[in-house]
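A closer look at the structure
Below are the chains, spelled out letter by letter.
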Amino acid sequence: MDRVVVGPGRALALRTLPAEPRVAALTHRGSYLELHRGYSALGRWIAANGWRIAGREREVFWQVDREAPETNVTEIQFPVARAAS
């Protein structure tokens, strides 16, 4: 497993995520301090569109910049399945 150092004593592990048959995903641009807003929006979309969460959330860090956190890009994913009607 590769590691990317993002600061003193801080590293991200690089790994291949297992395939999921279907995910609902959202791209968050900005500081991690605001990431909860993306989770909230994605959760509302899932519920409003007849889906249910079917597994653990995943975060894909596409761009990480500690000096300019407003430029960070994180993808939030939830495995989903159709909600029972």
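Throughout what follows, the structure given in this document is the object of discussion. Note that the structure is predicted; figures quoted are calculated from it, not measured.

The subject of this paragraph is the pattern of salt bridges. With the rule as written, the count across this model stands at two salt bridges. The partner of glutamate 20 in a salt bridge is arginine 58, and the shortest N-O contact between them spans 3.9 Å. A residue pair is termed long-range when its members are at least 10 positions apart, and glutamate 20 in the loop between β2 (10–14) and β3 (23–29) and arginine 58 in strand β5 (residues 58–63) qualify at 38 residues. Arginine 37 is paired through a salt bridge with glutamate 34; the nearest N and O atoms lie 2.3 Å apart. The exposure class of glutamate 34 is partly exposed, given its relative accessible area of 32%.

All told, the structure shown has two aromatic pairs when counted by the stated rule. A ring pair is formed by tyrosine 32 and phenylalanine 61, whose centres lie 5.7 Å apart and whose planes are at 90°; its orientation type is edge-to-face. Residue tyrosine 32 is found in the loop between β3 and α1 (35–48), and its partner phenylalanine 61 is found in strand β5; the two are separated by 29 residues along the sequence. Taking the centre distance of 5.9 Å and the plane angle of 80° together, the rings of tyrosine 39 and phenylalanine 78 count as edge-to-face. With a gap of 39 residues between them, tyrosine 39 in helix α1 and phenylalanine 78 in strand β6 (residues 73–82) connect regions that are remote in the sequence. The ring of tryptophan 51 carries arginine 82 above its face, with NZ or CZ at 3.9 Å from the centroid.

Time to look at the environment of leucine 14. Tracing the backbone shows leucine 14 in strand β2. Judged by relative accessible area, which is 43%, leucine 14 ranks as partly exposed. Linking leucine 14 and glycine 43, residues 29 residues apart in sequence, is a C-alpha distance of 26 Å.

This part takes up the side chain of asparagine 72. Counting through the fold element by element, asparagine 72 comes out in the loop between β5 and β6. Of the polar contacts made by the side chain of asparagine 72, one reaches the backbone nitrogen of aspartate 65; its length is 2.7 Å. When sequence neighbours within four positions are dropped, the list of residues in contact with asparagine 72 reads His28, Arg29, Gly30, Tyr32, Gln63, Val64 and Asp65.

Another aspect to go through is the environment of leucine 26. Of note, leucine 26 is situated in strand β3. In this structure, the C-alpha to C-alpha distance between leucine 26 and alanine 41, residues 15 residues apart in sequence, is 8.5 Å. With residues near it in sequence (within four places) discarded, leucine 26 still touches Gly38, Ala41, Leu42, Thr74, Glu75 and Ile76.

Further remarks concern the side chain of glutamine 77. Following the sequence through the fold, glutamine 77 ends up in strand β6. Classification of glutamine 77 by relative accessible area gives buried; the value is 9%. At a separation of 2.8 Å, a polar atom in the side chain of glutamine 77 contacts the side chain of glutamate 75. Contact partners of glutamine 77, with chain neighbours within four places excluded, come to Val23, Ala24, Ala25, Arg56, Glu57, Arg58 and Val60.

Thresholds, definitions, all that
- Residues numbered from 1 in each chain as written.
- Predicted model: local features only at pLDDT ≥ 70, side-chain atom pairs only at ≥ 80, totals over all residues.
- Heavy atoms only, no water.
- Salt bridge = Lys/Arg side-chain N within 4 Å of Asp/Glu carboxyl O.
- Helix = DSSP H or I, 4+ residues; strand = E, 2+ residues; numbered from the N terminus.
- Buried < 20%, exposed > 50% of the residue type's maximum accessible area, 1.4 Å probe, protein only.
- Phe/Tyr/Trp six-rings, centres within 6.5 Å; stacked < 30°, edge-to-face > 60°.
- Lys NZ or Arg CZ within 6 Å of the ring centre and 35° of its normal.
- Polar contact = N/O pair within 3.5 Å; in protein donor to acceptor, adjacent residues only side chain to side chain.
- Contact = heavy atoms within 4.5 Å.

All quantities given are derived from atomic positions and should not be read as evidence of function.
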